[in-house]
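If you want the building blocks of each chain, they are given just below.
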Amino acid sequence: MENKEKNFISAVVYIRNNQETVENFLTKLHGALSGLFERFEIICVDDASEDKSVERIRRYAKERENITLTLLQMSHFHGLELSMDAGNDLSIGDFVYEFDSCLCDYDTGLIEEIYRKSQEGYDIVAAVPDQKLRKSSGVFYTVFQKFSAQRINMKTERFRILSRRAINRIHMMNDSIPYRKVIYANCGLHTDCVTYHSSVSGLQTGERREMTEYRMNLALDSLILFTQAGYKISVRLTTGMMLVTLICALYAAGIFLNGRAITGWTTTMLFLSLAFCGLFGILTIVIKYLSILVHLIFRKKKYTYGSIEKISRE
Amino acid sequence: MEYDKIILGAGIYGLYSADFCARRGERVLVLEYDPKPFSRATYVNQARVHMGYHYPRSLATAVKSAGYFERFVKDYHFCINGEFEQIYATSREFSWTDADEFQKFCEAAGIFCQRVHEGAYFKAGMCDGAFLTREYTYDAMLLKNYFLKNLEIRKNAELRFGVKLQSIQKSGGVYELHTEDGSVLYTPFLLNATYASTNQIIKKIQGEPFPIKYELCEIILCQVQEELKGLGITVMDGPFFSIMPFGRTGLHSLTSVTFTPHMTCYESLPEFDCQKREGSACSPESLGNCNHCMERPETAFPYMKNLAEKYLKEQYRFSYHHSLFSMKPILLASEIDDSRPTVIRVHTKSPAFVSVLSGKINTVYDLDEVLSDGE
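Note that this is a predicted model, so its numbers are computed, not measured. (Residues numbered from 1 in each chain as written. Chains lettered and ligands numbered in written order. Predicted model: local features only at pLDDT ≥ 70, side-chain atom pairs only at ≥ 80, totals over all residues.)

A. View of unusual backbone geometry. Residue and element names in this part refer to chain B. With an omega of 0 degrees, the peptide bond running from methionine 236 to aspartate 237 counts as cis. Assignment of secondary structure puts aspartate 237 in the loop between strand S15 (231-236) and strand S16 (241-245). Put simply, serine 350 and proline 351 share a cis peptide bond, and its omega is 5 degrees. In this structure, proline 351 sits in the loop between strand S20 (343-348) and strand S21 (352-357). For phenylalanine 94, which is not glycine, the phi dihedral falls at a positive 65 degrees. (Helix = DSSP H or I, 4+ residues; strand = E, 2+ residues; numbered from the N terminus.)

B. Focus on the interface of chain B and chain A. Of the residues lining the interface, 10 residues belong to chain B; the matching set on chain A comes to 11 residues. Across the side of chain B that touches chain A, the residue classes break down as five nonpolar, two polar and three charged. (Contact = placed C-beta atoms within 7 Å. Nonpolar A, V, L, I, M, F, W, Y, C, P; charged D, E, K, R; others polar.)

C. Looking closely at the sheet that holds strand S7 (residues 191-196) of chain A. All names here are of chain A. Taken in spatial order, the seven strands of this open sheet run S3-S2-S1-S4-S6-S5-S7, and their pairing is mixed. If you trace the sheet from one side to the other, it starts and ends with strand S3 (69-73) and S7, each paired once. Strand-to-strand, the axes of this sheet are offset by a mean angle of 20 degrees, without reference to chain direction. As paired strands, strand S2 (residues 40-46) and S3 are joined by five bridges and run parallel to one another. For aspartate 46, the partnering residue across the bridge sits in S3 and is glutamine 73. Relative to the sheet, helix H2 (residues 53-62) contacts strand S1 (9-15), S2 and S3, its axis offset from that of S3 by approximately 165 degrees. (Pairing = 2+ DSSP bridges. Axes fitted to C-alpha atoms, helices over the stretch in contact; angles between N-to-C directions.)

D. Summary view of the packing of helix H1 (residues 12-23) of chain B against helix H4 (residues 140-152) of chain B. Residue and element names in this part refer to chain B. Relative orientation of the contacting elements H1 and H4 amounts to 30 degrees, with a least axis distance of 10 Å. Compared by their axis directions, H1 and H4 come out roughly parallel. For the pair H1 and H4, the sense of crossing is left-handed. Counting all contacts with H1, which are made through Ile12, Leu15, Ala18, Asp19 and Ala22, the residues of H4 involved are Leu143, Phe147, Asn150 and Leu151. (Parallel < 35°, antiparallel > 145°, perpendicular 65-115°, else oblique. Left-handed = near helix turned anticlockwise from the far one by under 90°.)

E. Layout of the domain arrangement of chain A. All names here are of chain A. When its domains are assigned, chain A resolves into domain 1 (9-226) and domain 2 (229-298). Here the C-alpha centroids of domain 1 and domain 2 sit 46 Å apart. Across the boundary between the two partners, domain 1 contributes five residues, which contact five residues of domain 2. The set of elements that each furnish at least two residues to the side of domain 1 that touches domain 2 consists of helix H5 (135-147) and helix H8 (209-226). Sort the elements by how many residues they give to the side of domain 1 that touches domain 2 and H8 lands first, with three residues. Of the residues assigned to the side of domain 1 that touches domain 2, the class counts are five nonpolar, no polar and no charged. (Domains from an automatic or database assignment.)

Structure, rendered in structure tokens:
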């Protein structure tokens, strides 16, 4: 009892229509945290649930004494990323757990394991189920990694822990956090993950349609914001088109030299080819400008570092 | 025994009224439940002499506070500590106001506010604006001594402590008060200045209670490191915190919107679970002193410390000294617009029964009119 951890812990839980699972999840979470930590708070971020989730949370909190539970209700559906940002901003812990869902397909001992791992010197530690990926997730991660400048090994994460230092760093670096996973991976601090055997066999099914749409949008946004995908694809396309127009020009010139051209056709063709060629060139430059602008607006700091170590002294 | 005025409660409102009436030559009596004056909310609070900064959503409250600020500081200068920099900052997230709005508000209310660099006090990205303001803190114990000394030299003012009221009855043109020790007192003018016990007293005359909720609040007193000594910091407007000098004690008070209230009661009379544990000394009909109660809650210091340290830069550090507890009644109507009006309610005219409820000390002058009987 006296050996409990002294660090103050915040646990941020994302709630979206979880009336069936939320009480059970909170009970498990509270059990795990109270066994491990002297002081902690739980923040439930309710993303405008339409069912009785909020009632269930209230009932849960009322039935217990000595529980610090905050309910943060979003005014309308914001989606996972923004809601969790809000929860994080409200948290005051030295370490913050982020539970992206009420799905508890792990042994609660994992909550401690993740914390212990973070104490070994990792600012962010994620719990990764050994499930097969969703097909859509797999495609997204592959495309993302192909076009990303950094080597990020992206996996489906069930929950994670962050140090206050990491949160401060992330706030310093970014004005907004559209997709936490990438920002966290890019923050330059030590990160790690713990893989566990998921008790849920196979893939979850029955994901709500709004969630699928949300994830699709998020994936597109992330690709544009965090990777060179847009730029690279458009540069390749424009270079290809420029080549095609040049071939067109050559073809027109060949016809003209053979003397089989109708009057005016060659000029038209040459003009069209060159004009398109120039247009594609300009487009490439515009896209380059845009990608630089996005980068400048989006990132506050130009570089990130892991640590500073002085290894020699005069 | 008959008195011109009987005042219930020896807090700032009670002793101010006694002093005010005694100066006018009236024969006054103050009845206090506790053995000493200033034992509850007058002492157990942030000790802020409000200039109005606290109410960015209620210009009326702000303007009024500012008006009384000068007068209070002048009248009671001996208990004022103004020797520190008071910083107000607006939190970047979850605030009901922002830096620009706050500045506009200060200009509208005509109170001093000078923008300073928030990075000097707060971690990056936590606050979107910081302001140097002019606000002071008062020392309740010095103020108490002043009132006691003043009242002592007057023959026409009397203070009784440890008095438990049994009943209040109207008889003819006067109120008849019965105390547990058997004395019977008469007065044509009864002032109820008991703050958290106000509805309990009102109930004794079957008057209309105030629409209030009750919060059991903890004021944490801290020892601060050198860098914080000449500094008071308030982050607003929402679930944030405040750390500022506590009168002239050399300690700082630490409070937060979320962790300062430990328990809340929405009943007309203060009804709490701890009263059942405590036994007879405290009940919904008669509140004991939370500060001396054995059943007072465990301190929320670890929570408040984390909240404050999340915002403050590393050099501003503090440690726990001790806690003070008191019951706070909050008018239900003032939740949305943040206003903190002084409510003076005249329940009956002759004999007169008047209740006063206010959460700020420098609006004590609001009482002048009703105390001078409309002269």
